[in-house]
Amino acid sequence: SVAGAAPAQAAGLSVVEHQDGGRMQFYRFSTPSISSNPAVNVLLPDGYDTTRRYPVLYLLHGGGEDYSTFDTKYDIRNHTAGRDLIVVMPDGGLAGWYCNPVASNVGPRNWETFHIKELLPWVDATFSTTGQASGRAVSGFSMGGFGALKYTAKYYGHFASVSCHSGPADLRGTDGAAITHWANLTSMVELGGGMVYGSPWDEARVSADNPMEHIENYRGKRIFLVCG
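Conventions adopted
- Residues numbered from 1 in each chain as written.
- Predicted model: local features only at pLDDT ≥ 70, side-chain atom pairs only at ≥ 80, totals over all residues.
- Heavy atoms only, no water.
- Axes fitted to C-alpha atoms, helices over the stretch in contact; angles between N-to-C directions.
- Helix = DSSP H or I, 4+ residues; strand = E, 2+ residues; numbered from the N terminus.
- Parallel < 35°, antiparallel > 145°, perpendicular 65-115°, else oblique.
- Left-handed = near helix turned anticlockwise from the far one by under 90°.
- Contact = heavy atoms within 4.5 Å.
- Nonpolar A, V, L, I, M, F, W, Y, C, P; charged D, E, K, R; others polar.
- Phe/Tyr/Trp six-rings, centres within 6.5 Å; stacked < 30°, edge-to-face > 60°.
- Buried < 20%, exposed > 50% of the residue type's maximum accessible area, 1.4 Å probe, protein only.
- Lys NZ or Arg CZ within 6 Å of the ring centre and 35° of its normal.
- Patch = residues over 30% accessible without salt bridge, like charges linked within 9 Å, V, L, I, M, F, W, Y side chains within 5 Å.
- Areas by Shrake-Rupley, 256 points an atom, 1.4 Å probe, with all protein chains shown as cover.
- Salt bridge = Lys/Arg side-chain N within 4 Å of Asp/Glu carboxyl O.
- Pairing = 2+ DSSP bridges.
- Expected span 1.5 Å × (residues − 1).

Peer 1: When you look at the packing of helix α4 (residues 111-126) against helix α5 (residues 143-154) in this model, what are you seeing that I'm missing?
Peer 2: Relative orientation of the contacting elements α4 and α5 amounts to 55°, with a least axis distance of 12 Å. Between α4 and α5, the interaxial angle falls into the category oblique. Crossing of α4 against α5: the hand is right-handed. Along the contact surface, α4 presents Trp 111, Glu 112, His 115 and Ile 116, while α5 presents Lys 150, Tyr 151 and Lys 154. Its residues assigned to classes, the contact of α4 with α5 shows three nonpolar, one polar and three charged.

Quick look at the structure:
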């Protein structure tokens, strides 16, 4: 079945719209974590068979993009043709930074909670996944690359593989400080003047989110980094 799952609904996540596009399944959710109803594309493998178990790739978009980007711009259907893989492409906000912001003036914009605490269990409950970290990868571009690195380190038992494409890996240091300022600045539009990390910064939150401060948490995982 590709309908909503009871375990996730009990946690506050519910499907408000579903479009069956064959391999591409579209969902829109209601969740107390996000004041706007976030959307997710789920791309199933050719010949999806519920008697089998599939690995899952979470694919995170960059700033100014949304759940549809990998389908409309980057030809994700052809890139995954013939591969036994489920690809989950969620909204992450135009400048959500895959974070729970320090402050929002437009209602909840807790993208991190939505992705990790709600969407991930819903995917495992709804689709025929392995349900194991060994069968779960996360990848992203730019802002989404940061999100992929952050989620892998911060939620150690969730992902066995991470790939970051032109995403920042350090929120501190000479270049890192610029990244954190940029995250704050860009997030103000989405948050109605609120900020992801606040001003002055919530230093504990910056450290918790900073990939470079949690290098040990990548041990034993597959890591791919590229900039271009």
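From this point, things continue past the structure.
Peer 1: When you look at the packing of aromatic side chains in this model, what are you seeing that I'm missing?
Peer 2: The geometry of an aromatic ring pair is captured by two quantities: the separation of the ring centres and the angle between the planes. Applying the stated criterion across every chain, the model contains 16 aromatic pairs. Both rings, one in Tyr 27 and one in Phe 127, keep their centres 6.2 Å apart while their planes meet at 80°; by these two values the pair is edge-to-face. Of this pair, Tyr 27 sits in strand β2 (residues 24-30) while Phe 127 is found in the loop between α4 and β6 (136-141), placing the two residues 100 residues apart along the sequence. Of the two residues, Tyr 27 and Phe 127, both sit in the buried class. Through pairs of rings, three or more aromatic residues link up here, namely Tyr 27, Phe 29, Trp 111, Phe 114, Trp 122 and Phe 127. Stacked on the ring of Tyr 156, the Lys or Arg Lys 221 has its end atom at 4.1 Å from the ring centre.

Peer 1: Looking at this model, I keep getting lost on the environment of Gly 12. Mind explaining?
Peer 2: Its location among the elements puts Gly 12 in the loop between α1 (6-10) and β1 (14-21). Sequence separation of Gly 12 and Ser 33 is 21 residues, and the distance between their C-alpha atoms is 8.6 Å. In this structure, Gly 12 is in contact with Ser 30, Thr 31 and Pro 32, ignoring residues within four places of it in sequence.

Peer 1: Is there a simple way to explain a nonpolar patch on the surface in this structure?
Peer 2: On the surface, Trp 182, Leu 185 and Met 188 cluster together into a nonpolar patch covering about 310 Å² of accessible area. In this structure, Met 188 sits in helix α6 (residues 173-190).

Peer 1: How do you make sense of unusual backbone geometry when you look at a structure like this?
Peer 2: Backbone geometry follows two general trends: most residues other than glycine have a negative phi, and most peptide bonds adopt the trans configuration. Looking along the chain, the bond that leaves Ser 199 and enters Pro 200 is cis, with omega of 0°. Along the chain, Pro 200 turns up in the loop between α6 and α7 (203-209). Residue Tyr 98 is not a glycine yet carries a positive backbone phi of 55°. For Tyr 98, the location among the structural elements is in the loop between β5 (86-90) and α4.

Peer 1: Can you help me understand the pattern of salt bridges in this one?
Peer 2: Under the counting rule described, the total for this entry stands at 15 salt bridges. Close ionic contact of Glu 190 with Arg 109 constitutes a salt bridge, the shortest N to O distance being 3.9 Å. Of this pair, Glu 190 sits in helix α6 while Arg 109 is found in the loop between β5 and α4, placing the two residues 81 residues apart along the sequence. By relative accessible area, which is 13% here, Glu 190 ends up buried.

Peer 1: Would you mind showing me how to read the pairing of strand β3 (residues 39-43) here?
Peer 2: Every regular strand shows the same layout, with side chains that alternate between the two sheet faces. In terms of residue burial, β3 counts as a mostly covered element, since five of its five residues are buried. The alternating pattern of β3 places Ala 39, Asn 41 and Leu 43 and Val 40 and Val 42 on opposite faces, both of which are buried. Sheet topology places β2 next to β3; five bridges connect them, and they run antiparallel. Bridge pairing in β3 links Phe 26 to Asn 41. Both β3 and β5 contribute to a ladder of four bridges, which runs antiparallel. Looking across to β5, one finds that Val 42 is bridged to Val 88.

Peer 1: How should I be thinking about α5 in this particular structure?
Peer 2: Residues separated by three or four positions in an α-helix point in the same direction, a consequence of the helix having 3.6 residues per turn. Taking 1.5 Å per residue as the helical rise, α5 with its twelve residues ought to reach 16 Å, and the 16 Å between its terminal C-alpha atoms agrees with that figure. Counting buried positions over the twelve residues of α5 gives eleven, a clear majority of the element. Met 143, Gly 144, Gly 145, Phe 146, Gly 147, Ala 148, Leu 149, Lys 150, Tyr 151, Thr 152 and Ala 153 are the residues of α5 that are buried. For α5, the elements touching its buried residues are β4 (56-60), α4, β6, β7 (161-165), α7 and β8 (222-226).

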